[in-house]
Amino acid sequence: MSDTTKPISIALMIVLALIWGSSFILIKQGLKVFSADQVGAMRVSSAFLFLLPFAFFKLKGLKNHHYPILLFSGMLGIFVPAFLFAFAQTHMNSSVAGIMNTLTPMFTMVIGVLFFSQRFRTIAIVGIVLGFGGAILLILSREEGQITGINYYALLIVLACLCYGMNLNYIKFKIADLSALTITSMSVVLIGPFALTYLLGFTDFTTRVQTAPGGWEAFGFIVLLGMMGTAIATILFNRLVKISTPLFASSVTYIIPIVAVMWGILDNERLVAGHFIGMVAIVGGVYLANRKRK
């Protein structure tokens, strides 16, 4: 990352943290009316419809080999995580989900080392161990302040962060010849029909949105999530990956938990000591893993 792109990278990181930090509370509001699979499908579908006009202008620059690559990237970085987060938040607070999202840089680093010949130092290993230790504490912590059995729904977020980490490296090293807008718009357009077909053809979405109390309001929250948290934010994020490094880009998760926790507190969610200790451990681990040699 050069000195000329650093201010832009930092600005993009802050904007992304504000958008994505608000995503978890929007998912929570949507789940008050819709099922988890409907929330995931709505999120992808709304992003698809929003980005469809942009995709038409990007078709000329694509070659045949780009389509399966972009489809894979869309599934890995957008489609699958959208459903995983929705299902996870049926059994956990939005603020805790936002905290656990900070695992993304850990997986970004590990996958970069294992599959993309990236290097990391001993201190980074310490950071990775510390971060995953914090994640384990979050998985075990309950609102009553007790450390009990595993919350298996939290493991869905771990899987989603693994998908994000894989996709980050994939974009950086496998789709370097395409712009951020092209990657985002075409990825979403390729996966969008699957989500929209499922939503309209295999769920009672239309009935719920018209008859359930607060149906249209919940629908508006998820549309906002799809447009801002999936479409626009993914464009900005892919741009950030292009002008910086995968690890720096994934470090946007430093700020995401702060925004998510603030929204959770405003919505009367209760965090206990285990949650805060876990968050500090994860963020500290990300810092150690991302710290440059002097």
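Owing to the predicted nature of the structure, the values given are computational and were not obtained by experimental measurement.

## Digging into the pattern of salt bridges
For the coordinates displayed, the defined rule picks out three salt bridges. The shortest N-O distance in the salt bridge between K28 and E269 comes to 2.8 Å. Here K28 is found in helix α2 (residues 23–31), whereas its partner E269 is found in the loop between α13 (256–266) and α14 (273–290), with 241 residues between them in sequence. Across the pair D204 and R208 runs a salt bridge, and its minimum N-O distance is 3.2 Å. Under the relative-accessibility criterion, D204 is labelled partly exposed at 36%. Classification of R208 by relative accessible area gives partly exposed; the value is 25%. Residues participating in the shared-partner salt-bridge network are K28, D267 and E269.

## Looking at the packing of aromatic side chains
Tallied over the entire structure, the rule returns nine aromatic pairs. Plain terms: the ring middles of F24 and F85 are 5.7 Å apart, the flat faces sit at 55° to each other, and that makes the pair tilted. A residue pair is termed long-range when its members are at least 10 positions apart, and F24 in helix α2 and F85 in helix α4 (residues 66–88) qualify at 61 residues. Residues F24 and F85 agree in their burial class; the two are buried. An aromatic cluster is built from F34, F205, W216 and F219, whose rings are joined through pairwise contacts.

## Overview of the environment of I157
Checked against the element boundaries, I157 lands in helix α8 (residues 152–174). The exposure class assigned to I157 is buried, which follows from its relative accessible area of 0%. Taking the C-alpha atoms as reference points, I157 and G98, separated by 59 residues in sequence, lie 9.5 Å from one another.

## A closer look at the nonpolar core
Most often, soluble globular proteins have nonpolar side chains that are buried together. Grouped together as the largest cluster of nonpolar side chains are 87 residues, with contacts concentrated most on F34, M100, L103, I157, I175, F237 and V252. Here the element with the most residues in this core is α4; it accounts for ten residues. Not counting chain neighbours up to four residues away, the residues in contact with M100 comprise M92, L138, I139, A154, I157, V158 and C161.

## Describing the side chain of S23
Within the secondary structure, S23 sits in helix α2. Among the polar contacts listed, one links the side chain of S23 to the backbone oxygen of I19, at a separation of 3.3 Å. The contacts of S23, once residues within four sequence positions are left out, are L225 and G229.

Cut-off values and rules
Residues numbered from 1 in each chain as written. Predicted model: local features only at pLDDT ≥ 70, side-chain atom pairs only at ≥ 80, totals over all residues. Heavy atoms only, no water. Salt bridge = Lys/Arg side-chain N within 4 Å of Asp/Glu carboxyl O. Helix = DSSP H or I, 4+ residues; strand = E, 2+ residues; numbered from the N terminus. Buried < 20%, exposed > 50% of the residue type's maximum accessible area, 1.4 Å probe, protein only. Phe/Tyr/Trp six-rings, centres within 6.5 Å; stacked < 30°, edge-to-face > 60°. Core = buried A, V, L, I, M, F, W, Y, C linked by side-chain atoms within 4.5 Å. Contact = heavy atoms within 4.5 Å. Polar contact = N/O pair within 3.5 Å; in protein donor to acceptor, adjacent residues only side chain to side chain.

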